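Structure assessment
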Amino acid sequence: MADTPKPLANILGEATSPYLQQHKDNPVAWQLWGPEAFEAARASGRPILLSVGYAACHWCHVMAHESFENAGVAALMNRLFVNIKLDREERPDLDGIYQQALQLLGEQGGWPLTMFMTPEGEPFWGGTYFPPEPRYGRPGFPQVLEAIAEVYENDRARVDKNIGAIKDTMQRLAAPRPAAEISREVTDGIAARLLQEIDPLEGGIGQAPKFPQAAALKLLWRAWKRQGRKDFLDAVTLTLTRMSQGGIYDHLGGGFARYSVDAHWLVPHFEKMLYDNAQMIEVLTWAWQDTGKPLFEARVRETATWVLREMIAGSDGTGTRPCGAFASTLDADSEGEEGKFYVWSAAEIDAALGPDAALFKTAYDVTPGGNWEGKTILNRSQAPEMRSPSEEKTLAACRDKLLAIRARRVWPGWDDKVLADWNGLMIAALARAAAVFGAPEWLAAAKRAFAFVTQTMTENGRLKHAWRHGRLDHPGLLDDYAAMSAAALALAEASGEAAYIAQAEDWTGVLDRAYWDRDSGGYFLTAEDGEPLILRPKSAYDNALPAGNGIMAEVLARLYYLTGKAAYRDRAEALIAAFSGQISENFFALASLINAKELLDNALQVAIVGDPAKANTAELLAAVQALCLPNLVLQRIAPGENLPAGHPARGKSAGKDGAAAYVCRGTTCSLPLSSAEELRAALGAEPSP
């Protein structure tokens with residue numbers, strides 16, 4: 001190791017990421033990811049310490065306070081390593097690579113990610129959170145730093161062995177598998193196997209910690225729609241009910257936290273993420289369409305209201321000049337304490353609500369001793385059923401009072417960067433829910449966000465991944481193009497505006513030219529002209545977000561039916577085949593891909609032909625949108641327009657009533673249906689609870 005490594009300064013003040021900005025005053029000489037940091041490591045002979053987190057991450061804050069703000073620990077880090085701080089939300093490509101490396105080292109992934117690398121970016125050891133001294137069965141961070149530096153300096157063979165093993169395994173895992181058939185029988189078997197993982201008492205998959213797992217819930221709901229088996233329906237409605245009445249839901253402000261640390265959905269990790277709430281809006285909308293359960297409608301409306309109230313990003317960080325797009329997260333912590341913004345004492349409830357306090361405390365599990373660390377996380381898990389209309393009215397007034405009081409507290413940190421992929425998920429969710437619940441303000445918000453991404457986050461015809469306060473950062477990834485293309489198609493369906501379909505086709509063309517794997521099929525996460533990395537990631541596995549390849553399989557299927565262009569079907573089939581061989585290894589993580597395959601094979605095409613300004617056209621449209629039809633491909637055709645070549649209803653007219661609907665399965669279409677009743681009857685083969 002060099003005796004006099006080049007001194008470095010903390011340069012995170014140059015970053016746009018709120019997470020990186022949180023660390024700009026650390027005594028650690030944090031560097032940004034880039035060639036300058038790697039050159040500094042090469043010049044000094046030091047390894048790199050890569051620390052990855054995000055603004056809403058509680059344990060990231062803990063490690064920052066304990067170690068990164070500690071002058072002694074920082075001095076050790078600066079002497080032994082070149083230290084790079086990374087926002088995983090800005091660079092999910094890098095986070096994915098090094099999370100996989102950590103898991104190959106036998107460690108459980110998560111954040112903060114602490115990875116040790118060579119000056120060429122090759123990982124050789126890592127972990128997640130480390131305490132400042134030995135604790136929780138983990139070594140102290142200073143001891144880790146010294147041990148890693150010692151091995152790197154004096155036992156390079158051991159380092160090289162780890163590097164080689166990680167690299168070989170990554171390459172082996174990335175190798176293509178022989179394609180496998182994803183038939184209806186296979187899909188039904190996967191759904192039956194997934195059903196066994198549902199907690200029969202509390203809902204959700206497995207035990208603690210519990211995550212929403214929206215793609216898996218959609219897979220189960222699709223099984224209910226195909227088979228009419230009530231156990232599939234019950235598994236999803238139980239999960240959604242327990243989540244909607246549990247502490248993971250913000251009963252005052254709306255919106256779901258990222259996950260629950262317990263099996264009962266009581267204690268959340270209090271951060272609220274845009275992407276989770278987008279997916280929850282979609283699943284709850286499906287569930288409401290089939291069950292009519294008021295709770296599900298309430299949670300959709302409350303969550304959408306929260307998004308429009310608190311998650312519109314600003315052009316200057318104040319929130320007073322909204323840019324139209326959606327911000328990313330709300331932090332778990334405020335005033336240095338996890339959950340402080342959200343929890344209550346019984347005395348606070350009594351003081352705020354007076355004579356209504358008794359009813360509220362009974363309904364929301366408020367007791368003198370609390371249900372979490374002496375305070376109360378509001379929840380209705382003990383009695384999840386709705387009360388009488390008069391009591392619910394009183395409880396709603398109580399919630400409004402408490403929300404106003406809470407607004408005067410010190411707020412959690414707000415990460416107001418705009419991410420194209422997360423925005424795509426929320427745009428699609430709001431567009432679809434707006435049509436179902438008759439909420440034009442949601443559709444308008446979705447359109448504004450879409451316009452912002454297409455106009456402000458595009459450079460030379462290519463999407464950028466992140467924007468904040470007027471600064472664009474990082475090339476667009478597969479997930480950005482996929483989610484925004486899906487959003488475009490959702491807006492096309494909700495608005496009837498064909499320009500959105502054209503935009504989805506343009507983005508798909510970019511992916512085909514710059515992201516497609518010409519050897520093995522499927523899309524890479526990064527573009528072929530992007531930054532060289534130790535691995536070019538390609539996966540169809542869902543994580544907290546649906547996989548970009550899974551989303552694109554659905555986009556391609558929809559484009560095929562919407563445009564009649566066989567190339568889209570061919571590309572969808574090639575994409576699905578590229579990952580189908582992984583079904584036998586981990587089908588749980590391939591839910592989005594499996595769901596897209598069902599759409600490709602069994603699309604329910606509905607064409608509504610008529611003047612969009614006429615009442616009977618609107619009635620036909622409303623009849624379709626009221627129903628949960630996961631494989632629906634809806635097209636609106638104005639007089640004088642026509643469906644694409646190859647569409648089974650091409651050439652059909654509005655008929656004597658001025659509007660008609662055609663329901664097509666495969667190459668067979670219904671007779672013209674001129675009333676909402678006839679249309680509902682034609683679609684009535686779907687089971688109902």
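Model, not experiment: these values are computed from the prediction.

**Concerning the confidence of the model for the chain**
- Model confidence for the chain is summarised by a mean pLDDT of 95, while 98% of its residues fall at 70 or above.
- A low-confidence stretch, residues 685-689 stays under pLDDT 50, and its non-local contacts, those more than four residues away or across chains, total 12 contacts.

**Overview of the pattern of salt bridges**
- Applying the stated criterion across every chain yields a total of 48 salt bridges.
- Salt-bridge contacts for Lys 225 lead to Asp 290; the nearest nitrogen and oxygen are separated by 2.9 Å. Taken together, the positions of Lys 225 in helix H9 (residues 214-227) and Asp 290 in helix H11 (residues 274-291) put the pair 65 residues apart, joining distant regions of the chain. The exposure classification of Lys 225 matches that of Asp 290, with both residues buried.
- Between Arg 406 and Asp 250 there is a salt bridge, with its nearest N and O atoms 2.9 Å apart. With Arg 406 in helix H15 (residues 389-406) and Asp 250 in the loop between helix H10 (230-245) and strand E5 (259-260), this pair connects stretches of sequence that are 156 residues apart. Each member of the pair Arg 406 and Asp 250 is classed as buried.
- Each of Arg 184, Asp 188, Arg 222, Arg 226 and Glu 598 takes part in salt bridges that share partners, so that together they form one network.

**Things to note about the state of the cysteines**
- One pass over the full model with this rule turns up 2 disulfides.
- Put simply, Cys 57 and Cys 60 are joined by a disulfide, and their sulfur atoms are 2.3 Å apart. The chirality of the disulfide connecting Cys 57 with Cys 60 is right-handed, given an S-S dihedral of about 80 degrees.
- Here Cys 664 pairs with Cys 669 through a disulfide, and the sulfurs are 2.0 Å apart.

**Topic: the side chain of Thr 508**
- Of note, Thr 508 is situated in helix H19 (residues 499-514).
- Setting aside its immediate chain neighbours within four residues, Thr 508 contacts Ser 485, Tyr 523, Met 552, Val 555, Leu 556, Leu 559 and Tyr 568.

**Brief notes about the pairing of strand E9 (residues 322-326)**
- Where burial is concerned, most of E9 is hidden: 4 out of the 5 residues are buried.
- Taken together, the 2 bridges between strand E8 (residues 312-314) and E9 define a ladder with antiparallel strand orientation. The residue bridging Ile 312 from the neighbouring strand is Phe 326, located in E9.

**A look at unusual backbone geometry**
- The step from Trp 111 to Pro 112 runs through a cis peptide bond, and the omega angle for that step is 5 degrees.
- One can find Pro 112 in the loop between helix H5 (92-104) and strand E3 (113-117).
- Here the amide bond leading from Ala 208 into Pro 209 is cis, since omega sits at -10 degrees, within 30 degrees of zero.
- For Tyr 136, which is not glycine, the phi torsion reads 55 degrees and is therefore positive.
- On the secondary structure map, Tyr 136 appears in the loop between strand E4 (123-127) and helix H6 (141-154).
- Positive phi is not limited to glycine here, since Asn 460 has a value of about 55 degrees.
- A residue is classified by how much of its surface remains accessible, and Asn 460, at 78% relative accessible area, is exposed.

Thresholds, definitions, all that
Residues numbered from 1 in each chain as written. Predicted model: local features only at pLDDT ≥ 70, side-chain atom pairs only at ≥ 80, totals over all residues. Heavy atoms only, no water. pLDDT = per-residue confidence, 0-100. Contact = heavy atoms within 4.5 Å. Salt bridge = Lys/Arg side-chain N within 4 Å of Asp/Glu carboxyl O. Helix = DSSP H or I, 4+ residues; strand = E, 2+ residues; numbered from the N terminus. Buried < 20%, exposed > 50% of the residue type's maximum accessible area, 1.4 Å probe, protein only. Disulfide = S-S within 2.5 Å. Pairing = 2+ DSSP bridges.

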